[in-house]
Amino acid sequence: MTSKQVEQGVTPEEGYERGLGSRQVQMIAIGGAIGVGLFLGAGANIAKAGPSLILMYALAGVIIFFIMRALGELLLYRPVSGSFAEYSREFLGPFFGYFTGWTYWLMWVVTGMAELTAAAIYVNYWFPDIPQWVTALVFLVILFGVNLISVKLFGELEFWFSMVKVTALIGMIVIGLGVLTFGFSSAGDTAAVSNLWAFDGFFPKGIGSSLMTLQGVMFAYLAVELVGVTAGESENPEKTLPKAINTLPWRIALFYVGALTVILCVVKWTEFAPGVSPFVAAFAKIGIPAGAGIVNFVVLTAALSSCNSGMYSTGRMLRNLASSGEAPKVFEKLSSTKTPALGITVSVLFMGIGVVLNYIVPEKAFGYVTSVATAAGIWTWLMILVSHVLYRRAVDAGRLPASSFPAPGGSVCSWIAIVFLLFVTGLIAKDADSRICLYVMAGWAVALGIGWMVLKSRNPEITQRREQQELQKVG
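Residues numbered from 1 in each chain as written. Predicted model: local features only at pLDDT ≥ 70, side-chain atom pairs only at ≥ 80, totals over all residues. Heavy atoms only, no water.

> Mind showing me how you'd approach the overall build of the protein chain here?
Within the protein chain, the secondary structure is distributed over 22 helices and zero strands. Split into buried and exposed, the 475 residues of the protein chain put 57% on the buried side. Contacts in the protein chain between residues at least 24 apart in sequence constitute 81% of all its contacts with a sequence separation of at least 6. Accessible area of the protein chain: about 18500 Å², with a carbon and sulfur share of 68%. (Helix = DSSP H or I, 4+ residues; strand = E, 2+ residues; numbered from the N terminus. Buried < 20%, exposed > 50% of the residue type's maximum accessible area, 1.4 Å probe, protein only. Contact = heavy atoms within 4.5 Å. Areas by Shrake-Rupley, 256 points an atom, 1.4 Å probe, with all protein chains shown as cover.)

Here is the structure:
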């Protein structure tokens, strides 16, 4: 425990093993910024926006950095596992902590369903005779076992998943630059920087169409906040978390903006189609042997990485809710390996619905599930930002100690990000295909509201926790 934590009356996360080293936290942060949203989702978005998609990723990347710096300031004020719910609980009240915790849990459960289905589809590329549900079940069981054994094994597996994604993306960028510079391969004759504007301009479908891709772009950035969930199990959060957050801009610039820019220079945007990974299409155009197979392997690791992260974060979030009286107390217990085993098990059972759905899910279901995950993610980000604004007010008023990692610009950047996220929510409401997620979230809100009333009737003290905490701080 640091002297700073002693002064604040804060103890480290009770019972957790601080088994995540700097190397693993860094790579978890990097891996969280590279997912299926980039590898697959970019294809449909390129068809909608053309080269201007690069600008949308850059714009969203700036907002994500604002969110992460706000989270970073809160994390260094009080590093806790399940941080988003805990900060919502502290600064907005018990109901918001309860709502945020359960909503983040929902985000990862539905993402886990989608990623399991996606992983099974990717394996079918090599083994078409194996039923999808069998592959999904095998992956579910393997990742479940990894998460039960220890946080160190989770961290190690996530490290190597992320290493595969990072190495592959860097390799794609280098090859693309080689094609542009030296003109080799079958794409060499047509590869040129002018491809970014030569076919109906940089905004070929208009600025409005480009802005409509922001909802898909934001899905690609989901999980970047996972580094906050690792806070309670990081060996040295005061050192590793700022480093992980501060390297985010170059990761976004390289892996998203850089990779898409190179690909759209090598292959003109009109050759990309929805439902096809732009990376697979680019490798096919360049003519690299086994290129599609290599990219398929990379996308498989991206899906497994996301599902692995989902199991990790849902178990921690359920324990956080249980310790606050907002979920059954049994979820508070840790196993002999210091993992929230029951919380992980229940979450995995819900993810297992995805295995069953492999029999019946139509093609649009994957899009519906990811849109629900995006809506839940936007709520989480909004709670981080609002908590940060309220924290800064408390610091300015002298009620709370200042963080050792203050966000640049104070709460101004948080306000900018809040307006942006509300704008994206408006875009989701405007789009007929993604609008369904708002109906789902409305139903989820009603269900949680009913659950909260039941909790209040059984334990009225649950609504008094915030006032008690504030009295303790004053005392």
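Structure shown, so let's carry the discussion forward.
> Could you clarify how one ought to interpret the pattern of salt bridges in this entry?
Evaluation of the coordinates by the stated rule reveals six salt bridges. Its salt-bridge partner being Arg78, residue Glu90 comes within 2.7 Å of it at the nearest N-O pair. With Glu90 in helix α6 (residues 83–92) and Arg78 in the loop between α5 (53–77) and α6, the pair connects residues that are twelve residues apart, well separated along the chain. Judged by relative accessible area, which is 5%, Glu90 ranks as buried. Across the pair Glu326 and Arg89 runs a salt bridge whose closest N-O atoms are separated by 2.7 Å. Of this pair, Glu326 sits in the loop between α16 (291–323) and α17 (341–351) while Arg89 sits in helix α6, and the two are 237 residues apart along the sequence. Take Glu326: its relative accessible area is 3%, and that puts it in the buried class. By relative accessible area, Arg89 is classed as buried at 1%. (Salt bridge = Lys/Arg side-chain N within 4 Å of Asp/Glu carboxyl O.)

> Looking at this structure, how should I read the side chain of Asn147?
Its place among the elements puts Asn147 in helix α8 (residues 132–149). Separated by 3.3 Å, the side chain of Asn147 and the backbone nitrogen of Tyr312 make a polar contact. Residue contacts for Asn147: discarding those within four places in its chain leaves Phe154, Asn308, Met311, Tyr312, Thr339 and Ile344. (Polar contact = N/O pair within 3.5 Å; in protein donor to acceptor, adjacent residues only side chain to side chain.)

> Would you take a moment to explain the nonpolar core for this structure?
Nonpolar side chains in soluble globular proteins tend to be buried together. By size, the foremost hydrophobic cluster in this structure holds 148 residues, and its most contacted members are Tyr57, Ile64 and Trp381. Look past the residues within four positions of Tyr57 in its chain and what remains in contact with it is Gly37, Leu38, Ala42, Asn45, Val217, Ala220, Tyr221, Ile252, Tyr256, Val257 and Leu260. (Core = buried A, V, L, I, M, F, W, Y, C linked by side-chain atoms within 4.5 Å.)

> It is not clear to me how unusual backbone geometry should be interpreted in this structure. Could you clarify?
Leave glycine aside and you will find that most residues have negative phi; peptide bonds, for their part, are mostly trans. If you check the backbone angles, Asp200 has positive phi at about 70° while not being a glycine. With respect to the secondary-structure elements, Asp200 resides in the loop between α9 (151–182) and α10 (207–212). Here Asp200 falls in the exposed class, since its relative accessible area comes to 62%.

> Explanation requested: the environment of Pro131 in the structure shown.
In this fold, Pro131 is placed in the loop between α7 (94–124) and α8. What makes Pro131 partly exposed here is its relative accessible area of 38%. Pro131 sits ten residues away from Ile121 along the chain, and the two C-alpha atoms are 9.5 Å apart.

> Help me out: how do you make sense of the confidence of the model for the protein chain in this one?
Regions with low pLDDT carry predicted coordinates that are not meant to be interpreted in detail. On average, the protein chain scores 82 in pLDDT, and the residues at 70 or more come to 85%. In the model of the protein chain, helix α1 (residues 3–8) stands out as the element of lowest mean pLDDT, 39, in contrast to helix α20 (residues 412–430), which has the highest, 95. Contacts of residues 466–475 to residues separated by more than four positions or lying in other chains number ten contacts, the stretch itself having pLDDT below 50. (pLDDT = per-residue confidence, 0-100.)

> Help me understand helix α21 (residues 436–458), please; the structure alone is not making it clear to me.
Think of an α-helix as turning once every 3.6 residues; residues three or four places apart then point the same way. Taking 1.5 Å per residue as the helical rise, α21 with its 23 residues ought to reach 33 Å, and the 33 Å between its terminal C-alpha atoms agrees with that figure. What α21 keeps buried is the set Cys437, Met441, Trp444, Leu448, Trp452 and Leu455. (Expected span 1.5 Å × (residues − 1).)

> It is not clear to me how the packing of aromatic side chains should be interpreted in this structure. Could you clarify?
Each aromatic ring pair is characterised by the separation of its centres together with the angle its planes make. Counted by the stated rule, this structure contains 18 aromatic pairs. Note on Trp102 and Trp105: the rings are 5.5 Å apart at their centroids and 80° apart in plane angle, and the pair reads as edge-to-face. One end of the pair is Trp102 and the other is Trp105, both in helix α7 and three residues apart, which spans about a single turn. Accessibility expressed as a relative area gives 7% for Trp105, which makes it buried. A centroid spacing of 6.2 Å and a plane angle of 55° characterise the contact between Trp250 and Phe255, whose relative ring orientation is tilted. Every member of this aromatic cluster is reached through a ring pair, and the members are Phe95, Phe96, Tyr98, Phe99, Trp379 and Trp452. Above the plane of the ring of Phe405 lies Arg69, whose end atom (NZ or CZ) is 4.1 Å from the centre. (Phe/Tyr/Trp six-rings, centres within 6.5 Å; stacked < 30°, edge-to-face > 60°. Lys NZ or Arg CZ within 6 Å of the ring centre and 35° of its normal.)

> Help me understand the environment of Tyr104, please; the structure alone is not making it clear to me.
Structurally, Tyr104 can be placed in helix α7. In this structure the C-alpha to C-alpha distance between Tyr104 and Ala85, which are 19 residues apart in sequence, comes to 8.4 Å.

> Can you walk me through the packing of helix α13 (residues 237–246) against helix α14 (residues 248–266) in this structure?
Angle between the axes and distance between the axes: these two values describe a pair of packed helices. Where α13 contacts α14, the axes come no closer than 5 Å and their chain directions differ by 35°. Contacts from Ala244, Ile245 and Asn246 in α13 reach Leu248, Pro249 and Arg251 in α14. Classifying every residue of the contact of α13 with α14 by side-chain character gives four nonpolar, one polar and one charged. (Axes fitted to C-alpha atoms, helices over the stretch in contact; angles between N-to-C directions. Nonpolar A, V, L, I, M, F, W, Y, C, P; charged D, E, K, R; others polar.)

> How should empty space enclosed by the protein be read in this particular structure?
Unoccupied space between atoms shows up once a probe the size of one water molecule is rolled over them. Tallied over the full model, the rule gives three cavities of 30 Å³ or more. The calculated volume of the second largest cavity comes to roughly 90 Å³. Along its surface, the second largest cavity is lined by Met172, Ile173, Ile175, Gly176, Ala259, Val262, Ile263, Val266, Phe279, Ala282, Phe283 and Ile286. Listing elements by their share of the lining of the second largest cavity, those giving two or more residues are α9, α14 and α15 (278–286). Here the lining of the second largest cavity is composed, by residue class, of eleven nonpolar, one polar and no charged. (1 Å grid on protein atoms, 1.4 Å probe; cavity = no way out; pocket = protein on both sides within 12 Å on 5 of 7 lines; lining within 4 Å. Points joined across faces, edges and corners; volume = space filled by probe spheres on them.)

> Before we go on, may I ask you to explain a nonpolar patch on the surface in this structure?
Taken together, the side chains of Tyr125, Trp126, Phe127, Ile130 and Phe297 present a nonpolar region at the surface, about 500 Å² in accessible area. Positionally, Tyr125 belongs in the loop between α7 and α8. Residue class for Tyr125 comes out partly exposed when judged on its relative accessible area of 47%. (Patch = residues over 30% accessible without salt bridge, like charges linked within 9 Å, V, L, I, M, F, W, Y side chains within 5 Å.)

> Quick question: what am I supposed to make of the side chain of His388 here?
As for its placement among the helices and strands, His388 is situated in helix α19 (residues 363–396). Those residues in contact with His388 that lie beyond four places of it in its chain are Ala70, Glu73, Leu74, Ala407, Gly410, Ser411 and Ser414.

> It is not clear to me how the packing of α16 against α17 should be interpreted in this structure. Could you clarify?
Two numbers describe how α16 lies on α17: the axes approach to 8 Å, and their chain directions differ by 130°. In terms of their interaxial angle, α16 and α17 are classed as oblique. As α16 runs across α17, the sense of the crossing is right-handed. In contact with Cys307, Gly310, Met311, Thr314, Gly315, Arg316 and Leu318 of α16, α17 contributes Gly343, Ile344, Ser347, Val348 and Met351. In terms of residue class, the contact of α16 with α17 is built from six nonpolar, five polar and one charged. (Parallel < 35°, antiparallel > 145°, perpendicular 65-115°, else oblique. Left-handed = near helix turned anticlockwise from the far one by under 90°.)

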